[in-house]
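Listed here are the chains, written in short residue letters.
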Amino acid sequence: MSENYQPHEIEVKWQQRWDETQIYRSRVDWDRPKHYALTMLPYPSGDLHIGHWFAMTPSDARARWMRMRGYNVLFPMGFDAFGLPAEQAAISRNIHPWKWTYSNIERMREQLRSMGAMFDWEREAISCTPEYYKWSEWFFKKFYEVGVAYRGSALVNWSETLQTVLANEQVIDGKDERTGQPVVHKMMEQWFFAITKYADELLDFDILDWPEPIKIMQTNWIGRSEGARVSFRTEVGDHPIEIFTTRPDTLWGSTFMVLAPEHELVDIITSEAQRAAVEHYIDEIAAETEIERMMEHREKTGVFTGAYAINPVNDERIPIWIADYVMITYGTGAIMAVPAHDQRDFEFARAQDLPIRVVIQPAAMEDLLSDEDMAEAYDGPGTMVNSDAMDGSVSSKDKGRANPAIGRVIDWLEATGKGEESVNYRLHDWLISRQRYWGGPIPMMYDGDEIIPVPDEDLPVVLPEDVDFMPTGRSPLTYHEPFFKVDDSVRRETDTLDTFMCSSWYQLRYLSPHCDTAPFDAEEAAYWLPVDVYTGGAEHAVMHLLYTRFFTKVLRDIGVFDEAAAVMRQKGRDPERAFDEPMTVLRNQGQVLGAERQGDYVLCSGRSVGAKMLANRVEVVGWNETPAGFDGCFGEIVHRTENVLHLDMAGVTQFVEVPPDAEIIIPDIPGRNNVNQLRHHLEIQRMSKSKGNVVNPDQLVEKYGADAVRCYLMFNFDWQKGGPWNENNIKGPQGWLHDVWEIAAKGAPAVEGDPAGERDIERKLHQTIAVVNRGLEEFSFNTAIAEQMKFKNALKAALRERRIGPAAWKDVMNQLIRLMAPFAPHIAEELWERLGFEYSAHLQAWPAYDADKAREEQVELVVLINGKPRGTIEVAVDIERERALELAVSSEAAQRGLAGKAPKRTIFIPGRNGTDPKVNIVV
RNA sequence: GCCUCCGUAGCUCAGGGGUAGAGCGCUCCCUUGGUAAGGGCGAGGUCAUGAGUUCAAAUCUCAUCGGAGGCUCCA
């Protein structure tokens, strides 16, 4: 073996060989423990992005590791192929979404193969194929049968830009999540999934090992609050106003009511005298966007409707206002205003000169509130006052029934029939229909008002190809008569499914993507489910990750998993809770950010040598701090080679050589500075086409090889954090691979080695195994690789010092290659073969960690004087306390520190894994 | 405004009550028959700041400053 490391050649070669020998096929094997590793499936948007590599290759490394540890691993891949991006791209390029999507998929498949991941392509699933969406449709029907899918009228988000409705989860700050364009509220009849029925169960994360932020985000999104519903009579006939409150203990302090301007009662209750003012206000609000309305700290505006309501707790007559600080989308769209105890109501009352009444008094006398001179609302604990029979009840800081006053008032409301305990959710039902073309058809038909599900035997309802899909605000399928016309009276639903529905169950389709009698094969499901480790971006926190949990729970409740559960029982596995959640462990990767040039601005003075300046002084200054009349160079450092700075001077590049004796002044860094402390590095930014900082993985693979790119991505970032791209840093992992190659290429050493040296390297190997295991376990891929680099350095040194013999060398190489196999699969396989081991490296067992072999025998006993290290003594690893103290106190370092005095106190700290034992001598 | 996480070498990051670590970068030397390279030596850190706890604090506590992410008229 003598050639150089040629990544490209060996990578292509092994990818083919792996394919041919099918070593990544995953098959049910009840005798082996299973591991379902899943990484979020890509959208076939065109080219594979470096972000895909960043997400997928570490996941692949971990899946490979699990496999080598004896697990039967399923690691599938597919495409989330329906949806607006394809349709928008198709519109702008004037090609059919099928074509666009399929050519992208073909291209991305090839790119995915170049990663050298252990994807089982036999299990590939593509959500826009009829074989796939047949089952999306089938699920929809099942949901309809049990009332989870329903058609209803609701205020929905309408995007003018996209000409379709969107789910709440796809609207962020009043803007469409994808295009950033504003959405408006519209009353429309649409299809919904009753996700709110599962709100409480979705709040239970007991069996989930998920990142805390995701759980918090889902919890906030679901937004459960406990309180009461109370109905206020109005003076305009039988039109009561329903309100929800979390503070029923403040009911007596309600001095007015506020309806959202969109509330359906506004028109009914408004008095003739106020009608013009109310309509004017509503017009004004309508002209504002949702975004403007949600701006914080804006002046509270509103208008009186002329109507009054009766507060049921004290029969008081209170005015009804409308104001835009009350949102139609939350609660009932109406509130009882308690200005004394709610800051928003307080501000409104002050602005409109409405009365304020204190009904909760704080405990301390000096804090007592008065209606007239409150500066702000009081929402702390206290005692109920001005509340008739409830006076004296103690309102604590607690929410819901945990607060005694609230509990007492709720009981009283229910006993008197004035109200009832209630839970309100911020979460709304999932709006599932879209007025767009590129989605799964909704398998429903209409005969007049009657809804008729498409019979099972007619599934799938196939999405026709010859459709004009330009958006018009109506579903493109409404213009396609052969599709929608079933017969003279029956027509098909022409809206399509939200793509998030299709991606809510893809993990199930991977189990048996070609199964045409069921969405998935029961035995496969029984064996593989649930997903053991799911990896992907945190941006899906309240969309995909919430939807798929909901979906799984519905499927469980309608019995879709029953057969799989039966198989489990039959195989002696416990199906209890196996189908409650789709993915038990979730980890989010961070984002690889783009780099943008950003160096220090410097003033350089010196003398010109040809085109170059030879500087004697370089000072870092602000970007616009050129002193008038300055004679020298001023500009941004855009690059540096050794001690030559490349300055950008208003578009012209100036070279400045900085000799070692030049004075360098960096205000942020005190003391003497040197040239490499100057910032010539890159500023981080999101990668985007418009910034031109998108990194193309194909070119990197071409240049460095897939293994180096994989290792760079795993080594140079904290995977869960992400960070800035810096191609220069690829040299680190590249050097590692190169060195390992060289060590292997040199072949077995021709010396005998020495036992101590071999023992030493064995110890280091086992210490490395432990760290690599921990790194992979904890998704800390960077530490796992750093440790292997260290081991490589140690091995290299030992070989140089001729301390390793041929037998030990071969054994170490064998283990070293297996250790690197999950990270750099191609080079590992190549070296494995070249060293004469049997194919394949990836079918080997993971090196076993042996704690005895990892243990140090001789360690340094550290002598500390007053906690400061002052010297070391070589001792046995298991040295005992008495002996250590004796040695330490009599050591030269200690004697020097003690200067003849007796130690005041001595403390022995035994060494534990990896750390040296210590003795602290207090003088 | 609230919540979560984070400030360690020039950069990217490990570690974490008991000697300050890795890779890259940088200096100097060697090699110039692995060569759009290789080898060796080395420099560089008040572990953000300030207080507290301790025999001992980069590590634990509190405060301050700085950064990232999330939530935010949620009744």
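The rules behind the values
- Residues numbered from 1 in each chain as written.
- Chains lettered and ligands numbered in written order.
- Predicted model: local features only at pLDDT ≥ 70, side-chain atom pairs only at ≥ 80, totals over all residues.
- Heavy atoms only, no water.
- Helix = DSSP H or I, 4+ residues; strand = E, 2+ residues; numbered from the N terminus.
- Buried < 20%, exposed > 50% of the residue type's maximum accessible area, 1.4 Å probe, protein only.
- Contact = heavy atoms within 4.5 Å.
- Salt bridge = Lys/Arg side-chain N within 4 Å of Asp/Glu carboxyl O.
- Pairing = 2+ DSSP bridges.
- Axes fitted to C-alpha atoms, helices over the stretch in contact; angles between N-to-C directions.
- Expected span 1.5 Å × (residues − 1).
- Arc of directions from axis to C-beta.
- Core = buried A, V, L, I, M, F, W, Y, C linked by side-chain atoms within 4.5 Å.

Draft legend 1. The arrangement of the environment of Met118 in detail. Mapped onto the elements of the fold, Met118 is located in the loop between α4 (97-113) and β4 (125-126). Taking the relative accessible area as the measure of exposure, Met118 reaches 1% and is therefore buried. With 61 residues separating them along the chain, Met118 and Thr57 place their C-alpha atoms 9.6 Å apart. Contacts of Met118, omitting those with residues within four sequence positions, involve Tyr24, Asp60, Ala63, Arg64, Arg67, Val73 and Phe75.

Draft legend 2. Spotlight on the pattern of salt bridges. Scanning the entire structure with this criterion turns up 51 salt bridges. Salt-bridge contacts for Arg25 lead to Asp120; the nearest nitrogen and oxygen are separated by 3.4 Å. Of the two residues, Arg25 sits in the loop between α1 (7-21) and β1 (34-39) while Asp120 sits in the loop between α4 and β4, which places them 95 residues apart along the sequence. Residue Arg25 is classed as partly exposed on the basis of its relative accessible area of 28%. One salt bridge in this structure joins Glu524 and Arg123, with 3.0 Å as the shortest N-O distance. Highlighted residues: Glu524 in helix α16 (residues 522-528) and Arg123 in the loop between α4 and β4, separated in sequence by 401 residues. Note on accessibility: Glu524 and Arg123 belong to one class, buried. Within the structure, one salt-bridge network assembled from shared partners comprises Glu201, Arg549, Lys553, Arg556, Asp557, Arg577, Asp580 and Glu581.

Draft legend 3. Region of interest: the sheet that holds strand β38 (residues 868-876). Taken in spatial order, the four strands line up as β38-β37-β40-β39 in an open sheet, and their pairing is mixed. Of all strands in the sheet, those bounded by a partner on one side alone are β38 and β39 (905-909). Going from strand to strand, the sheet's axes swing by 20° on average, the running direction of each strand aside. Here five bridges tie β39 to strand β40 (residues 918-922), and the two strands are oriented antiparallel to one another. Pairing of Phe908 across the sheet is with Val919, part of β40.

Draft legend 4. Examining the sheet that holds strand β17 (residues 382-384) more closely. With respect to topology, three strands assemble into an open sheet ordered β16-β17-β18, the strand pairing being antiparallel. Each edge of the open sheet carries a strand with a single partner, namely β16 (360-361) and β18 (394-395). Where β16 lies against β17, two bridges are found, and the strand directions are antiparallel. In the strand pairing of β17, Ile360 is matched with Met384.

Draft legend 5. Molecular detail of the pairing of β38. Pairing between strand β37 (residues 858-865) and β38: eight bridges, direction antiparallel. Paired with Ile865 across the strands is Lys868, a residue of β38.

Draft legend 6. Molecular detail of helix α9 (residues 272-287). With 16 residues, α9 extends 23 Å between its outermost C-alpha atoms, agreeing within 8% with the 22 Å of an ideal straight helix rising 1.5 Å per residue. If you check which residues of α9 are buried, you get Arg275, Val278, Tyr281 and Ile285. Viewed along the axis of α9, the buried residues span an arc of 140°, placing them on a single side of the element. For α9, exposure combined with an orientation more than 90 degrees from the buried face picks out Ala276, His280, Asp283 and Ala287.

Draft legend 7. Summary view of the pairing of strand β22 (residues 444-447). When β22 meets strand β23 (residues 450-453), the two strands line up antiparallel, connected through four bridges. From the neighbouring strand, Met445 faces β23, where its bridge partner is Ile452. The antiparallel pairing of β22 with β23 creates a hairpin that spans two residues between the two strands, and Gly448 there sits at a positive phi of about 65°.

Draft legend 8. Structural context of the side chain of His766. Within the secondary structure, His766 is located in helix α22 (residues 755-777). Among all residues touching His766, those that are not within four sequence positions of it are Ala848, Tyr849, Asp850, Lys853 and Ala854.

Draft legend 9. Summary view of the nonpolar core. If you look at the biggest cluster of nonpolar residues, it comprises 185 residues, and the most contacted ones within it are Phe140, Phe193 and Trp430. Element by element, the count of residues in this core is highest for helix α2 (residues 50-68), at nine residues. If sequence neighbours within four positions are ignored, Trp430 has contacts with Ala167, Trp191, Phe192, Phe193, Ile195, Asp498, Phe500, Met501, Ser504, Tyr547 and Phe550. Core analysis: the second largest hydrophobic core is formed by 54 residues, Ile269, Ala323, Ala340 and Val358 among them.

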